[in-house]
Amino acid sequence: MNDKVHLESLYQQLEALCGPVDMISRWLDFDYTDYYYKEMGAPLFRKVFAFKKLIEQGDLAAIKEKTNRIEKSFIDSQNDTENRSVNIDPGYLLSSRFILATGKDYSHRIYIGRKIYADLTLMYAKNKGFVTLDWTYPDYASDAILDFLSKVRDKYLLDLKHTKGTKL
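Residue positions within a chain follow its written sequence, with the count starting from 1. Residues qualify for local features only when their pLDDT is at least 70, as the model is predicted, and side-chain atom pairs are given and counted only at 80 or more; totals for whole chains, interfaces and linings, by contrast, use all residues. In computing side-chain values, all of the structure's heavy atoms are included and hydrogens and water are not.

S.K.: Account for the packing of aromatic side chains, with residues named and values stated.
M.R.: Two rings from Phe, Tyr or Trp (for Trp, the six-membered ring) form a pair when their centres are within 6.5 Å of each other. A pair whose planes differ by under 30 degrees is stacked, one over 60 is edge-to-face, and the rest are tilted. Overall, the coordinates contain seven aromatic pairs when judged by the stated rule. Centroid distance F98 to Y140: 5.9 Å. Interplanar angle 40 degrees. Geometry classified as tilted. Taken together, the residues F98 in strand β6 (residues 97-102) and Y140 in the loop between β9 (129-132) and α4 (143-163) connect sequence positions 42 residues apart. The cut-offs for exposure are 20% and 50% of the maximum accessible area for each residue type, with area from a 1.4 Å probe on protein chains only; residues under the lower value are buried, those over the upper are exposed, and the others partly exposed. Take F98: its relative accessible area is 9%, and that puts it in the buried class. Numbered from the N terminus, helices here are DSSP runs of H or I no shorter than four residues, and strands are runs of E no shorter than two.

S.K.: Quick rundown of unusual backbone geometry? Include the residues and the values.
M.R.: With an omega dihedral of -5 degrees, the bond running from A42 to P43 counts as a cis peptide bond. Among the secondary structure elements, P43 is positioned in the loop between α2 (37-40) and β3 (45-46). Positive phi values are uncommon outside glycine, yet K115 reaches one of about 65 degrees. Phi is positive for N127, close to 70 degrees, though the residue is something other than glycine.

S.K.: An account of the nonpolar core is needed here, citing residue identities and associated values.
M.R.: One recurring pattern in soluble globular proteins: nonpolar side chains tend to sit buried together. By nonpolar core we mean a set of buried residues, namely Ala, Val, Leu, Ile, Met, Phe, Trp, Tyr and Cys, connected to one another through side-chain atoms within 4.5 Å. Within the largest apolar cluster, 24 residues are counted, with the highest numbers of intra-cluster contacts made by L93, F98, F130 and L149. Sort the elements by how many residues they give to this core and α4 lands first, with six residues. Two residues qualify as a contact provided that any one of their heavy atoms is within 4.5 Å of a heavy atom in the partner residue. Apart from residues no more than four positions distant in its own chain, F98 is found in contact with Y92, L93, D119, L120, T121, L122, F130, Y140 and L149. Of all hydrophobic cores here, the second largest spans six residues; its members include L10, I70, V86 and I88.

S.K.: Requested: an account of a positive patch on the surface, with residues and values cited.
M.R.: There is a patch of like positive charges on the surface, built from K53, K66, R69 and K72. If you trace the backbone, R69 turns up in helix α3 (residues 60-73). Here R69 falls in the exposed class, since its relative accessible area comes to 51%. Candidate patch residues must exceed 30% relative accessible area and have no salt bridge, after which like charges are joined if within 9 Å and Val, Leu, Ile, Met, Phe, Trp or Tyr side chains if within 5 Å. Areas reported here follow the Shrake-Rupley algorithm with a probe of radius 1.4 Å; residue values treat only the protein chains shown as occluding. In the sections that follow, a salt bridge refers to a side-chain nitrogen of Lys or Arg positioned within 4 Å of a carboxyl oxygen of Asp or Glu. The positive count covers Lys and Arg only, the negative count covers Asp and Glu only, and His and the chain ends enter neither. By convention, the charge on Lys lies at NZ, on Arg at CZ, on Asp at CG and on Glu at CD.

S.K.: Lay out a nonpolar patch on the surface with the relevant residues and their values.
M.R.: A cluster of nonpolar side chains, contributed by L7, W27 and F45, occupies part of the molecular surface with about 310 Å² of accessible area. Tracing the chain through its elements places L7 in helix α1 (residues 3-18). Looking at L7, the relative accessible area reads 38%, which means it is partly exposed.

S.K.: An account of the layout of surface pockets is needed here, citing residue identities and associated values.
M.R.: For each structure, a 1 Å grid was placed over the protein atoms alone; sets of points admitting a 1.4 Å probe that cannot get out are labelled cavities, open sets with protein on both sides within 12 Å along at least five of seven lines are labelled pockets, and lining residues have an atom within 4 Å of a point. Grid points are joined across faces, edges and corners, and a volume is the space filled by probe spheres set on the points. The space that makes up the second largest pocket amounts to roughly 510 Å³. Forming the walls of the second largest pocket are 25 residues, and the residues nearest its centre are Y36, N87, D89, K104 and Y137. Looking at the lining of the second largest pocket, the elements with two or more residues in it are α3, β6 and β8 (116-125). Taken together, the residues of the lining of the second largest pocket sort by class into nine nonpolar, six polar and ten charged. Polar here means any residue other than Ala, Val, Leu, Ile, Met, Phe, Trp, Tyr, Cys and Pro, which are nonpolar, and Asp, Glu, Lys and Arg, which are charged; Gly is therefore polar.

Listed below in structure tokens is the structure:
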């Protein structure tokens with residue numbers, strides 16, 4: 001499958017799961033670790049998507065299960081390998097924090113069911129913006145991601161202000 005068809009298919013599956021896209025980051029280099037190189041090759045790039053539809057925080061585990069299935073639909077089976085060609089990290093943003101879902105347990109992660117954990121990735125502090133934590137992945141601590149998430153947060157707060165009093 002060529003890269004353009006690959007991306008269009010991924011985009012369609014994400015919209016089918018999450019609804020219309022609201023904001024998309026530019027292409028970002030993913031060169032903070034070589035962890036995925038053996039599986040996915042190099043160089044790696046990423047895009048961050050923000051969707052219009054707000055989710056319930058309690059739905060994150062089910063969403064992670066569904067994105068895991070989407071990832072599996074893009075496994076490269078041409079060479080009889082089980083290598084993913086996409087990695088999807090669903091999460092949610094509130095005015096005070098940014099949470100990612102993961103299947104990997106660690107001391108700072110909270111179990112949310114279905115073998116999924118919630119990772120408090122960033123916190124928001126007045127007059128500071130998003131603040132990294134000791135365990136924040138380096139890519140999520142990058143200026144490019146922090147700037148994009150700040151724009152998403154600003155739009156989220158503006159949308160909340162405009163819909164206050166309106167039934168959703």
